[in-house]
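What follows is the residue order along each chain.
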Amino acid sequence: MNGPDAIVQMREVTKQFEWSKALDNVTLDIQRGTITGILGANGAGKSTLLRHIIGMYLPNSGKVTTFGCDAGKLGPAELEQIGYVHQEGKLVDFMTVGQLIRYVKVFYSRWNYGLEQRFIKDFELNLSELIKNLSPGQRQRLSVLLAMCFEPALLLLDEPVSALDPIARARFLDLLLEMIQPQDRAIVISSHILSDIEKVIDRVVIMKEGKIICDCEFDELREKYAKIKITSLRGELPETLPFKQIIECKRNGTEAIITVMGYESEQLLAQAARIGCEVEILPMTLDEIYRVIVG
Amino acid sequence: MRELKAGLGLVFGTMAGWLYFFLVLCIWFLSMFVAPYSNIRDILETGFTWFIIYLMFLPAWIGAPILGVGYRKVLGCGGLFCVPRLEKGMKRFAIISGFLIALMSSLPLLLTKGLSWPERYVYIALSFTLVTALFFACSIPSPSSNKRNLVSLMTWVLWVVIFVRLVFGGEAGIKPLEGWPWLLAAGIFLCVIHSQPYRDKQIKIAHRQLAGSSTDINEQPQLAKLRIASAVEQFFIVRLSRCSKNQKHLWGAIYLCLGIHLSRWKQIFSLALVLMFFFGFMPEESTGLIVLFVMMSILGWGQTFRLPVHSQMLVQGGRSQRICGTIAAAIGFSLAVGLVFVVITGVSQLTALIIPNFVFRGQQLTFSPLSMYSAYIVIGIVPVFFGIALYFERAPLLTAFVVILISIPAIVFLPGIISAVFGWLSITLIVISCWAFLIFVSRSICREKDLILQTDKS
């Protein structure tokens, strides 16, 4: 997934914290016009990866380039194009919501006032509320507003929907899809709520113990894995099913549901017909694919 | 006991926790070692009254907030505050610790020279009571009221003063001069605990958020006091809008650091005026006290500092901008605090012309105006504090401890330096060194370290 048009280029990046290796030889490119989902268990290295992109973390080895500049040396010109929502929701506690918006706004020349008003209305933000008093969900909504209203070329979202209610999540995801319409932008989103992000992402990066174990287009991933329902038309299913690359199999007398990788539909139908079965190919959700890959 | 052990494991499971207690013990042993060679009369007469406070109160001063923060940390922890018997166990632990620390803090007085036995009892009782008051005001959270800690401490102090006057009276009681250390101690402790209610509130809010309920409406008026005033916001937003792109992060850093304090300028000046009278009647060698007080005040305000170095907001700029932003914030803060000192010093100079000398219980009290050196010292103290706070960003208690440690030589040596022939020159060199220290620390952190701390969870 490497290319010259990449906004972010990470090359063999390793990050060692005191007790653990958070990133292990990670190579990744973020292209314009894509929404990339970064998936992984807690401690897999998702936040660490995002923090390297904005230069807040420095790698022990390897190189991170953002907008053509060494991430550790990003200046106002590059940072003006980056929106970042961090999972902790750390904001300026003694300001009101309105004060913080006004403060952040002055740093950006391309602040979209209409979008700001839309966020305030949709997210039901009270401008006179002190940030200290906001709930985690409200803080997250405000963080999203602050990161998106200047329409950044690169939007990094670290668990942005974890504290949002279902309606706010749906609105937020709609906005993401609207935002990506101009092809010169890129969005990177890390989340545990896979059912939500699968609606918007077009590329998947799965991390495990600091390593990238899967990096491909989401459609490609969906084509690669499938869940197949096999129903025997002649009594019990045979003891051994003739399909290749079965990852998981749940069977019950005349029926079985198998998960396969790298299948071909025509070959599958022919094999099923030989053992007197009919098959139904069921699409797999991102959650199911993730569980298969991570194991 | 297992619940208590599990809870305490959180507090004392870290190296830092043990380091604090090791240091407290070291200071206590030092106090015990120094006490037999100290003559309290000499100490009082030479004006070094603060030394006694240090000697007796430092263990409690350090120990209490550590235990207090630990206590809150355990009770505020989502998975632990509902564990059966944990809260009771923690309280019991805090009470026993408080008693032991108060007892330990009073023991050096048994060995100090220059006290007759009735007086010695008074001092030991005073020390024990005040340390106990300090300890509980600092360490026990008050979920029901913000003012409870302050009120309990004030009550303790008043009780001690009244009790000693009634029971012992006359010569054995507190003479005005000898009373200063205790009043001073109370003042300092009030400053230390001033920051505590907000922590309590945070725990309350954390509990409610964990329980899924919204913030209690009743606490809004109290929390609402700590917010940026419209005029202050207007001033900075106009500056930020007009300045060039390269200057925005400088003004932004100053705004975040100073905005909240400028919004409370009336309260700050009122407090400074009260302190002006307090310090005005202190002995002439009280410069060290001013240093100590400023150190502790800055420490108290430290909670509201928003230095750009570790900010997760990208508007603070890249690594280079964060160095400049930190220096700008420190300069802005020093100038603001320095200005307060200059104004208060000016007022004290004028006041000295008006206030006559008066005699109180046989003691002649003279109001001495504050020296302009104080403002100069502040300009040196602020960068040191900022530098230490940056370096120990993950361990605010260690920051407090290091600040206290540094203030000891400052208190001991500064009066001598100021009165030396090249006083101004020495002070200038010290101030320059302090700023060089801040530049070095902020530069090394911004250039070489991770700017988001792994422990950032709030």
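It should be emphasised that the depicted structure is a prediction, and the values quoted were computed from it without experimental measurement.

*Asks:* Where do I start with the overall build of chain A in this structure?
*Replies:* A count of helical and extended segments in chain A gives 10 helices and 14 strands. Relative to its full complement of 295 residues, chain A shows a buried share of 42%. Sequence separation of 24 or more characterises 69% of the internal contacts of chain A that already satisfy a separation of 6 or more.

*Asks:* Can you walk me through the nonpolar core in this structure?
*Replies:* Most often, soluble globular proteins have nonpolar side chains that are buried together. Grouped together as the largest cluster of nonpolar side chains are 121 residues, with contacts concentrated most on I54, L156 and V188 of chain A together with I254 and V382 of chain B. Not counting residues up to four positions away in its chain, the partners in contact with L156 of chain A are L50, I53, I54, I82, G83, Y84 and V188 of chain A. I230, A256, Y263 and A272 of chain A belong to the second largest nonpolar core, which has nine residues in total.

*Asks:* Which parts of the structure should I look at to understand unusual backbone geometry?
*Replies:* Comment: phi is negative for the bulk of residues other than glycine, and the bulk of peptide bonds are trans. Residue and element names in this part refer to chain A. Within the chain, E151 stands out as a residue other than glycine whose phi angle is a positive 50°. Mapped onto the fold, E151 is located in the loop between α5 (136-148) and β7 (154-158). Residues other than glycine seldom take positive phi values, yet E159 does so here, at roughly 50°. Mapped onto the fold, E159 is located in the loop between β7 and α6 (166-179).

*Asks:* Any chance you could explain the interface of chain B and chain A here in plain terms?
*Replies:* A common way to state how big an interface is: give the accessible area lost once the parts meet. Across the boundary between the two partners, chain B contributes 36 residues, which contact 33 residues of chain A. For the side of chain B that touches chain A, the secondary structure elements donating two or more residues are α11 (220-224), α12 (230-242), α13 (245-262) and α16 (319-354) of chain B. No other element matches α13 of chain B, which puts six residues into the side of chain B that touches chain A. Within the side of chain B that touches chain A, the residues separate by chemical class into 13 nonpolar, 14 polar and nine charged.

*Asks:* Explanation requested: the packing of α12 of chain B against α13 of chain B in the structure shown.
*Replies:* The relative placement of two packed helices is expressed as an angle between their axes plus a distance between the axes. Residues and elements named next belong to chain B. At a closest axis distance of 10 Å, the pairing of α12 and α13 adopts a crossing angle of 175°. Between α12 and α13, the interaxial angle falls into the category roughly antiparallel. Note on element contacts: α13 touches α12 through K248, W251, G252, Y255, G259 and L262, opposite V232, F236, R239 and L240. A breakdown of the residues in the contact of α12 with α13 according to their chemical character gives six nonpolar, two polar and two charged.

Rules used throughout
- Residues numbered from 1 in each chain as written.
- Chains lettered and ligands numbered in written order.
- Predicted model: local features only at pLDDT ≥ 70, side-chain atom pairs only at ≥ 80, totals over all residues.
- Helix = DSSP H or I, 4+ residues; strand = E, 2+ residues; numbered from the N terminus.
- Buried ≥ 20, exposed ≤ 12 C-beta atoms within 10 Å, placed from the backbone.
- Contact = placed C-beta atoms within 7 Å.
- Core = buried A, V, L, I, M, F, W, Y, C linked by C-beta atoms within 7 Å.
- Nonpolar A, V, L, I, M, F, W, Y, C, P; charged D, E, K, R; others polar.
- Axes fitted to C-alpha atoms, helices over the stretch in contact; angles between N-to-C directions.
- Parallel < 35°, antiparallel > 145°, perpendicular 65-115°, else oblique.

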